[in-house]
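# A closer look at the structure
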Amino acid sequence: MQSRVTSAPANGTDGPVIDLIERELTTPVSAASRELGERLRSRYGDAVLGVLYYGSCFRTGTEADGILDIFLIVDDYASIYDRRLLAFANRVLPPNVFYAEMEIDGETLRTKYAVISLQQFEHRTSARCFHTFFWARFAQPCALTYARDAGIRRRVATALAGAADTFIGRSLALQAETFSSATLWTNALRASYRTELRPEAPGAAARLVAANAARYTKLTTLLADSMPQLTRDATDAAEPVFRSNLSVWQRRRGRFAWLLRRPQGKLINLLRIMKAAFTFDGGVDYVLWKIERHSGVKVEATPMLRRHPLLACWPTVWRLYRAGAFR
């Protein structure tokens, strides 16, 4: 099959940042997670360009009791789906999310894996995308356990570098005049959590940054070399201090944009969750499990909800809202 991948779009992030991300993509992962990625890749054949492993299981290395977060980056949707509805849903509201369990070396590994085209991935990790979903997630470390070739690896690394550039550039409006890299990233992550349905425990962002503080300091320093609105203050060599160069108008506009992202992001999250009920077997149970996992609110799926999720979901959505599952 002839590849439909086009050339990479221009990216404002400079080479050192992309090089750092490309090195991160080679982070060693467990043999089980690599095998899981290979089995998922085999389901979709040659259309898969890359397999990204990210999220809490990747960061902590605790996989047996968790849900592995994996992104399959594909050439195009028409070649991987038998149903046109799946291709349409993936194109209109990416990504499509699926759930799978696999026995590997005597243990059951569970994964929530997403499918997106390379072109959409590049677009949604860039400053051309208003919503946080992609550029906030992929500004954080991840591993590329499979890439079709070196060119694809470089394009993925460039997209991830663009995600970091977008995430930090847009979070500068939320910072004080001077700040540390830890403060910068912690405030940025907290703001991104407020654009999603899931509630995060107090201190979650700070713990995430502290667990890999050197990485975030290094990345912030490199971004400051290529980002006019962010500079490093040379007055403190031991603990780097950074400065925002935004004008008063830019700061106000940036903060207003974050206020808009909150209702927009929650609506998009809700639509994605509803879409998941239709895009794979057991979708309703997966959606309710996901809501319970993030909010602690449990709702049992009725037979009617499983047979007709679109018609029967609204009373359930209202009950979940009243119970505090959506904030």
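Before any of the text, the structure's been laid out above.
Everything numeric in this text was worked out from a predicted model, so none of it was measured. (Residues numbered from 1 in each chain as written. Predicted model: local features only at pLDDT ≥ 70, side-chain atom pairs only at ≥ 80, totals over all residues. Heavy atoms only, no water.)

## Comments concerning the overall build of the protein chain
Condition: Here a helix means four or more residues in a row that DSSP labels H or I, a strand means two or more in a row labelled E, and each is numbered from the N terminus. Should any heavy atoms of two residues lie within 4.5 Å, those residues are counted as being in contact. Accessible surface is estimated by sampling points in the Shrake-Rupley manner with a 1.4 Å probe; for residues, cover comes only from the protein chains shown.
When you go through the protein chain residue by residue, the secondary structure sums to 14 helices and eight strands. The contacts of the protein chain with a sequence gap of at least 6 include a subset with a gap of at least 24, amounting to 69%. For the protein chain, the exposed surface amounts to about 15600 Å²; the carbon and sulfur share of it is 54%.

## A short note on a nonpolar patch on the surface
To keep things clear, this is the line we draw: Patches were defined on residues exceeding 30% relative accessible area and lacking a salt bridge, with like-charge contacts within 9 Å and nonpolar side-chain contacts (Val, Leu, Ile, Met, Phe, Trp, Tyr) within 5 Å. Counted as salt bridges are all cases of a side-chain nitrogen of Lys or Arg within 4 Å of a carboxyl oxygen of Asp or Glu.
A grouping of Phe-130, Phe-256, Leu-259 and Leu-260 is seen on the molecular surface, where their side chains present a nonpolar patch of about 370 Å² in accessible area. Within the fold, Phe-130 resides in the loop between helix 5 (118-124) and helix 6 (133-137).

## Section: the sheet that holds strand 7 (residues 230-233)
Note the following rule: Whether two strands pair comes down to DSSP finding at least two bridges between them. What counts as an axis is a line fitted to C-alpha atoms, over the stretch in contact for a helix, and the angles between N-to-C directions run from 0 to 180 degrees.
Read across the open sheet, the three strands follow the order 6-8-7; overall the sheet is antiparallel. Since the sheet does not close on itself, it has two edges, and those belong to strand 6 (178-179) and strand 7, each with one partner. Here four bridges tie strand 7 to strand 8 (residues 241-244), and the two strands are oriented antiparallel to one another. By the bridge assignment for strand 8, Leu-230 is matched with Ser-244. Sitting on the sheet, helix 10 (residues 213-226) touches strand 7 and strand 8, and the angle it makes with strand 7 is about 115°.

## What to know about the side chain of Asp-69
Here is the rule: For every residue, the accessible area (1.4 Å probe, protein chains only) is compared with the maximum for its type, and the residue is labelled buried under 20%, exposed over 50%, or partly exposed between those bounds. Polar contact criterion, stated in full: a pair of N or O atoms within 3.5 Å, where within protein one must be able to donate a hydrogen and the other to accept it, and residues adjacent in sequence count only if both atoms are side-chain atoms.
Locating Asp-69 in the fold gives a position in strand 2 (residues 67-74). Looking at Asp-69, the relative accessible area reads 10%, which means it is buried. A distance of 3.1 Å separates polar atoms of two side chains, one belonging to Asp-69 and the other to Lys-112. Residues contacting Asp-69, with those up to four places away along its chain left out, are Leu-52, Tyr-53, Tyr-54, Gly-55, Ser-56 and Lys-112.

## Remarks on the nonpolar core
One recurring pattern in soluble globular proteins: nonpolar side chains tend to sit buried together. So the rule is basically this: Side-chain atoms within 4.5 Å link the members of a nonpolar core, which is a set of buried Ala, Val, Leu, Ile, Met, Phe, Trp, Tyr and Cys residues.
Among the nonpolar cores identified, the biggest contains 87 residues, and Leu-52, Phe-138 and Trp-185 are the most heavily contacted of them. At 10 residues, the largest contribution of residues to this core is made by helix 7 (residues 150-171). What Leu-52 contacts, discounting residues up to four positions off in sequence, is Leu-25, Asp-69, Ile-70, Phe-71, Ile-73, Phe-121, Phe-138, Cys-142, Ala-143, Leu-144, Val-156 and Leu-160.

## Overview of the packing of helix 8 (residues 181-193) against helix 10
For clarity, the cut-off: Comment on the angle field: the value is read as roughly parallel under 35 degrees, roughly antiparallel over 145, roughly perpendicular from 65 to 115, and oblique elsewhere. Polar here means any residue outside two lists: the nonpolar Ala, Val, Leu, Ile, Met, Phe, Trp, Tyr, Cys and Pro, and the charged Asp, Glu, Lys and Arg; Gly therefore counts as polar.
Orientation of helix 8 relative to helix 10, taken along the N-to-C sense of each, is 95°, at an axis distance of 9 Å. In terms of orientation, helix 8 lies roughly perpendicular with respect to helix 10. Packed against helix 8, whose contacting residues are Ser-181, Leu-184 and Trp-185, the element helix 10 presents Arg-215, Tyr-216, Thr-217, Leu-219 and Thr-220 at the interface. Looking at side-chain class alone, the contact of helix 8 with helix 10 contains four nonpolar, three polar and one charged residues.

## Here's the deal with the sheet that holds strand 2
On the basis of which strands lie adjacent, the open sheet formed by five strands has the order 3-4-2-1-5 and mixed pairing. Of all strands in the sheet, those bounded by a partner on one side alone are strand 3 (96-104) and strand 5 (143-147). Going across the sheet, the axis of each strand differs from the next one's by a mean of 25°, ignoring polarity. Sheet topology note: the strand 1 (residues 48-54)/strand 5 ladder contains four bridges and is antiparallel.

## Here's the deal with the packing of aromatic side chains
Each aromatic ring pair is characterised by the separation of its centres together with the angle its planes make. How we decide: A pair of Phe, Tyr and Trp rings is counted when the ring centres sit within 6.5 Å of each other, with Trp represented by its six-membered ring. The angle between the planes then sorts it: under 30 degrees is stacked, over 60 is edge-to-face, the rest tilted.
Evaluated as defined, the whole model comprises 16 aromatic pairs. Ring centres of Phe-71 and Phe-134 lie 5.9 Å apart, and the angle between their planes is 80°; on these two criteria the pair is classed as edge-to-face. Placement of Phe-71 in strand 2 and of Phe-134 in helix 6 is noted, with a sequence separation of 63 residues between them. Members of the aromatic cluster, connected to one another through ring pairs, are Tyr-54, Phe-71, Phe-121, Phe-133, Phe-134 and Phe-138.

## Quick notes on a negative patch on the surface
Defined as follows: Note that His is not counted, nor are the chain ends; the positive residues are Lys and Arg, and the negative ones are Asp and Glu. Just so you know, the charge point we use is NZ for Lys, CZ for Arg, CG for Asp and CD for Glu.
Together, Asp-65, Glu-103, Asp-105 and Glu-107 make up a region of like negative charge exposed at the surface. By secondary structure assignment, the location of Asp-65 is in the loop between helix 3 (56-60) and strand 2. Asp-65 sits in the exposed class, given a relative accessible area of 77%.

## Here's the deal with helix 4 (residues 84-92)
The periodicity of an α-helix, 3.6 residues per turn, causes residues three or four positions apart to be oriented the same way. This is how the line gets drawn: Working note: the arc is built from the helix axis to C-beta atom directions.
Turning to helix 4, its buried residues are Leu-86, Ala-87, Ala-89 and Asn-90. Axial view of helix 4: buried residues confined to an arc of 165°, hence all on one face. When the buried face of helix 4 is taken as reference, the exposed residues oriented beyond 90 degrees from it are Arg-84, Leu-85 and Val-92.

## Observations concerning the environment of Glu-177
Checked against the element boundaries, Glu-177 lands in the loop between helix 7 and strand 6. Expressed as a C-alpha distance, the spacing of Glu-177 and Phe-242, which sit 65 residues apart in the sequence, is 8.4 Å. Residues within four places of Glu-177 in sequence aside, it is in contact with Phe-242, Arg-243 and Ser-244. Within the structure, Glu-177 has its side chain in polar contact with the side chain of Arg-243 (distance 2.9 Å).

## Let's talk about the pattern of salt bridges
For the structure shown, the criterion picks out 11 salt bridges. With a shortest N-O distance of 2.7 Å, Asp-233 and Arg-243 are connected by a salt bridge. Here the residue Asp-233 occupies a position in strand 7, and Arg-243 occupies one in strand 8, the gap between them amounting to 10 residues. One salt-bridge network, in which partners are shared between bridges, spans Asp-19, Glu-22 and Arg-154.

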